Amino acid sequence: MKAVVKKQQTVDALVESFKDAAAVYLLNYQGITVELDNALRKTLNSKGIKYHAVKNTLLKRVLKALNVEGLDDALTGATSVMVGFADDPIAPAREIEAFHKANPDFLIAKSVFLDGKAMPGSEVVNLSKIPDRKGMIAQIVSIALGPGSTIAGQIKALQEKLEKESGEGAAPAEEAAAPEA
């Protein structure tokens, strides 16, 4: 009975930890060294990304409690879970890809749950290419200012040209009007 209570406590703790999850990434952590795993955990922790190695039976309960569906097929073998939250649900994908580039034999993505649907682990590569919030804002500003500044420059040049032309045309008229007065 004690083991059952302990397992339920583990499930409850994980559900509480993952309750605001916007994305769930299932990974195969088989063969990863303790040093690599510790370095990964330290990096993820500093970035606010939750990462746990969990038994598949317990993870199945956690996912059910979180209403995450479609990942049961990926719950085989050594499974770890990484969670992305609403402020940047793609952050784990970027971290997985960065880790995988440095260590190609470890931390293989099995499956991803994002925007209410399950996707194959191979989608992590595509997801990792999506910029973070700051990057998206920078792109929007660049897009807005790019053509906008060009148009503003063209309007200003046109305005200066018109002022110059009207100034040249007005000068002779003023000179002509001056002798009459």
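Quantities reported herein were computed from a predicted structural model and do not represent experimental measurements.

Caption draft 1: Fine view of the sheet that holds strand E1 (residues 21–28). Reading across the sheet, the five strands line up as E2-E3-E1-E4-E5 and stay open at both edges, with antiparallel pairing between neighbours. Edge positions in the sheet fall to strand E2 (50–53) and strand E5 (117–120), since each of these pairs with one other strand and no more. Pairs of neighbouring strands in the sheet enclose a mean axial angle of 20 degrees, with direction left out of account. Sheet analysis places strand E4 (residues 108–114) next to E5, joined by four bridges and oriented antiparallel. Among the inter-strand pairings, Val-112 is bridged to a residue of E5, identified as Met-119. Sitting on the sheet, helix H2 (residues 34–46) is in contact with E2 and strand E3 (79–85), with an inclination near 150 degrees to E2.

Caption draft 2: Examining the environment of Gly-116 more closely. In this structure, Gly-116 sits in the loop between E4 and E5. Through-space distance from the C-alpha of Gly-116 to that of Ala-23 is 8.6 Å; in sequence the pair is 93 residues apart.

Rules and cut-offs
- One numbering rule holds for all chains: residues counted from 1, following each sequence as written.
- Local features in this predicted model are restricted to residues whose pLDDT is 70 or higher, and side-chain atom pairs enter the listing and the counts only when it is 80 or higher, whereas totals over whole chains, interfaces and linings include all residues.
- Excluding hydrogens and water, the side-chain figures rest on all heavy atoms present in the structure.
- A strand pair is defined by DSSP finding two or more bridges across the two strands.
- Secondary structure is summarised from DSSP: a helix means a run of H or I of at least four residues, a strand means a run of E of at least two, and numbering begins at the N terminus for each.
- Axis angles are defined between N-to-C directions and span 0 to 180 degrees, where every axis is a line fitted to C-alpha atoms and, for a helix, only to the segment in contact.
- Contacts between residues were defined by any pair of non-hydrogen atoms, one from each residue, lying within 4.5 Å.

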